[in-house]
Amino acid sequence: MSRPRVLSGVQPTGALHLGNWLGAIRNWVDLQHSHDTYVCVVDLHAITVPHDPARLAADTRSTAGLYLACGMDPDLCTVFVQSHVRAHSELCWLLNCITPLNWLERMIQFREKAVKQGDNVSVGLLDYPVLMAADILLYDADLVPVGEDQKQHLELARDIAQQRINSGFGSEDHPILKVPEPLILKQGARVMSLTDARQKMSKSDPNEGSRINLLDPPDLVRRKIKRAKTDPVMGLEAGNPERPEASNLLGLYASLTAQTTAEAEQACEGMGWGRFKPLLADAAVAALEPIQKRHAELMQDPAYLDGVLAAGAEQASRVADATLARVQTALGLLGTAASR
Ligand code: TYM
């Protein structure tokens with residue numbers, strides 16, 4: 001029997017942080033053993049906001065390197081770059097034509113990002129969730145492991161598949177696209193900013209101190225944790241809405257030391273911040289050290305990484321092209337003689 005399929009991705013926008021790792025990548029690493037797992041670096045998504053073309057290729061390579069350094073094994077899963085598989089852009093166009101505009105206008109992330117950009121909002125930013133739906137639907141993914149912030153985009157992908165494609169062009173017995181399920185694990189799904197625990201940790205926060213990047217050197221990690229916002233209360237606890245900093249940092253500590261939040265809470269309940277912060281810093285440094293070491297090695301060997309990405313793109317294209325052809329046929333496109 002074939003294994004259930006997983007698809008996910010991260011944008012190569014600047015440095016990846018603890019939220020990306022704990023909310024997404026770390027879960028992929030477990031899933032690759034039991035699921036047919038596809039993970040891509042979503043470079044086409046990264047250009048939906050103003051970007052630096054001189055950095056995109058290097059960031060894409062570095063992000064792919066981080067996938068491997070975090071434990072994604074090309075012998076167990078398929079790692080590729082989104083723009084290397086043309087079907088992503090092509091399916092996006094087909095889905096654009098059947099997706100109501102007002103479904104996109106109500107997307108929370110679009111509204112948040114658009115506000116920040118004033119008059120300079122691209123069509124691509126509005127279209128971001130349709131491209132993401134194409135990413136997922138091309139692979140007939142059963143599960144999409146993401147952080148909490150992606151829930152609405154996943155719902156959109158499901159609605160496009162079910163309400164617009166399957167209901168509109170298929171039949172109940174012959175659905176054209178698989179309707180995917182989000183996989184949002186409780187722990188790590190919402191890592192908050194170190195400087196404002198009511199906001200999520202984010203690559204786009206202008207304050208570098210708000211996040212710990214996976215490639216931050218140990219002294220910087222320690223400094224950021226030392227400066228992280230706290231409260232005047234003694235003792236660490238999770239789940240108290242009056243104490244978002246305590247919840248966030250304790251949750252991080254639990255995730256980094258492979259404990260449940262309840263276990264970490266019990267271990268740290270009597271501690272003041274002065275005792276807890278160095279413990280958290282040690283845990284973060286220890287968790288990141290092997291990732292950084294492996295990433296540095298991979299960056300020294302571009303031929304190896306290129307080989308992994310080329311094989312990944314080939315395998316991904318095989319699956320994606322078949323799905324694209326299915327949708328093209330359902331929509332009534334003629335197709336080439338060879339494809340008929
Ligand atoms: P990106 O790059 O913004 O985020 C990548 C992944 O990291 C998760 N994440 C977090 N998890 C916990 N706490 C945080 N503070 C935090 N910040 C980010 C995100 O939920 C995500 O899982 N739109 C996607 C990229 C994408 C994608 C896809 C994902 C494009 N196509 C297809 C899955 C399937 C995104 O958020 O990228």
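Refer to the structure above for everything that follows.
Quantities reported herein were computed from a predicted structural model and do not represent experimental measurements.

Caption draft 1: Spatial organisation of the environment of Ser 122. Its location among the elements puts Ser 122 in the loop between α6 (108–117) and α7 (123–137). On the accessibility criterion, Ser 122 (28% relative accessible area) is partly exposed. Residues Ser 122 and Phe 80, spaced 42 residues apart in sequence, show a C-alpha to C-alpha distance of 26 Å. Only 3.0 Å separates the side chain of Ser 122 from the backbone nitrogen of Leu 125, close enough to count as a polar contact.

Caption draft 2: Broad picture of the pattern of salt bridges. Enumeration according to the criterion identifies 18 salt bridges in this entry. Overlapping salt bridges bring together Glu 208, Arg 211, Asp 216 and Lys 224 as one network.

Caption draft 3: Just helix α8 (residues 151–169), in detail. The end-to-end C-alpha distance of α8 is 26 Å, a good match for the 27 Å that 19 residues give at a rise of 1.5 Å each. Maximal helix bending in α8 amounts to about 25 degrees, located at Asp 159.

Caption draft 4: Structural view of the site of the ligand. Taken together, 28 residues form the shell around the ligand, and within it Tyr 128, Asp 135, Asp 149, Val 191 and Lys 203 come nearest. Here Asn 20 contributes a side-chain N or O atom positioned 3.1 Å from an oxygen atom of the ligand. One of the side-chain nitrogen or oxygen atoms of Asp 149 is found 2.4 Å away from an oxygen atom of the ligand. For the ligand, whose accessible area on its own is 700 Å², the fraction buried by protein is 97%. Listing elements by their share of the shell around the ligand, those giving two or more residues are β1 (5–10), α1 (18–31) and α7. Partitioned by chemical class, the residues of the shell around the ligand number twelve nonpolar, eleven polar and five charged.

Caption draft 5: Broad picture of the state of the cysteines. Under the definition given, this model contains zero disulfides. Its sulfur unpaired, Cys 92 is 9.4 Å from the next cysteine sulfur, which belongs to Cys 97. Assessed through its relative accessible area of 8%, Cys 92 is described here as buried.

Caption draft 6: How the structure looks around the packing of helix α10 (residues 244–256) against helix α11 (residues 261–268). α11 packs onto α10 with a crossing angle of 110 degrees between their chain directions and a minimal axis gap of 9 Å. Relative to α11, the element α10 lies roughly perpendicular. Crossing geometry of α10 relative to α11 is assigned as right-handed. Residues Leu 250, Tyr 253 and Ala 254 of α10 pack against Thr 261, Ala 264, Glu 265 and Cys 268 of α11. Of the residues in the contact of α10 with α11, the class split is five nonpolar, one polar and one charged.

Caption draft 7: Molecular detail of unusual backbone geometry. Even without being a glycine, Asp 140 presents a positive backbone phi close to 50 degrees. Locating Asp 140 in the fold gives a position in the loop between α7 and β4 (143–145).

Caption draft 8: Quick peek at the pairing of strand β2 (residues 36–41). Within β2, five of the six residues are buried, leaving the element largely enclosed by the surrounding structure. Where β1 lies against β2, six bridges are found, and the strand directions are parallel. Paired with Val 10 across the bridge in β2 is Val 41. Crossover connection from β1 via α1 to parallel β2: handedness right-handed. Taken together, the five bridges between β2 and strand β3 (residues 77–81) define a ladder with parallel strand orientation. Counterpart to Thr 37 in the pairing with β3 is Cys 77.

Calculation criteria
- Numbering of residues starts from 1 in each chain and follows the order in which that chain's sequence is written.
- Residues qualify for local features only when their pLDDT is at least 70, as the model is predicted, and side-chain atom pairs are given and counted only at 80 or more; totals for whole chains, interfaces and linings, by contrast, use all residues.
- Think of the side-chain values as coming from all heavy atoms in the structure, minus any hydrogens and water.
- The helix count covers DSSP runs of H or I at least four residues long, the strand count covers runs of E at least two residues long, and both are numbered beginning at the N terminus.
- The classification of residues rests on relative accessible area computed with a 1.4 Å probe and restricted to protein chains. Under 20% of the type maximum is buried, over 50% is exposed, and intermediate values are partly exposed.
- For the purposes of these results, a polar contact is taken to be a pair of N or O atoms within 3.5 Å, where, inside protein, one atom must be able to donate a hydrogen and its partner to accept one; residues adjacent in sequence count only when each atom of the pair is a side-chain atom.
- The working definition used for a salt bridge is a side-chain nitrogen of Lys or Arg within 4 Å of a carboxyl oxygen of Asp or Glu.
- A helix is expected to reach a length of 1.5 Å times the quantity of its residues less one.
- At any given residue, the bend is defined as the angle formed between two axes, one fitted to the seven residues that end at that position and one fitted to the seven that begin there.
- By convention in these notes, a residue is near a molecule or strand provided one of its non-hydrogen atoms lies within 4 Å of it.
- Using the Shrake-Rupley algorithm and a 1.4 Å probe, accessible areas are obtained, with residue cover drawn only from the displayed protein chains.
- Three classes are used: nonpolar for Ala, Val, Leu, Ile, Met, Phe, Trp, Tyr, Cys and Pro, charged for Asp, Glu, Lys and Arg, and polar for all others, with Gly counted as polar.
- The term disulfide is used for any two cysteine sulfur atoms that are within 2.5 Å.
- Orientation is described by axes fitted as lines to C-alpha atoms, over the contacting stretch for helices, and by angles from 0 to 180 degrees between their N-to-C directions.
- For this classification, under 35 degrees means roughly parallel, over 145 means roughly antiparallel, 65 to 115 means roughly perpendicular, and everything else is oblique.
- The sense of a crossing depends on the near helix, which, turned anticlockwise from the far helix by less than a right angle, makes the crossing left-handed and, turned clockwise, makes it right-handed.
- The contact definition used throughout considers only heavy atoms, calling two residues in contact when any of these lie within 4.5 Å.
- Think of it this way: DSSP has to see at least two bridges between two strands before they count as a pair.
- Here is how to tell: hold the view so the strands point away, follow the path from the first strand over the helix to the second, and if it runs clockwise the crossover is right-handed.

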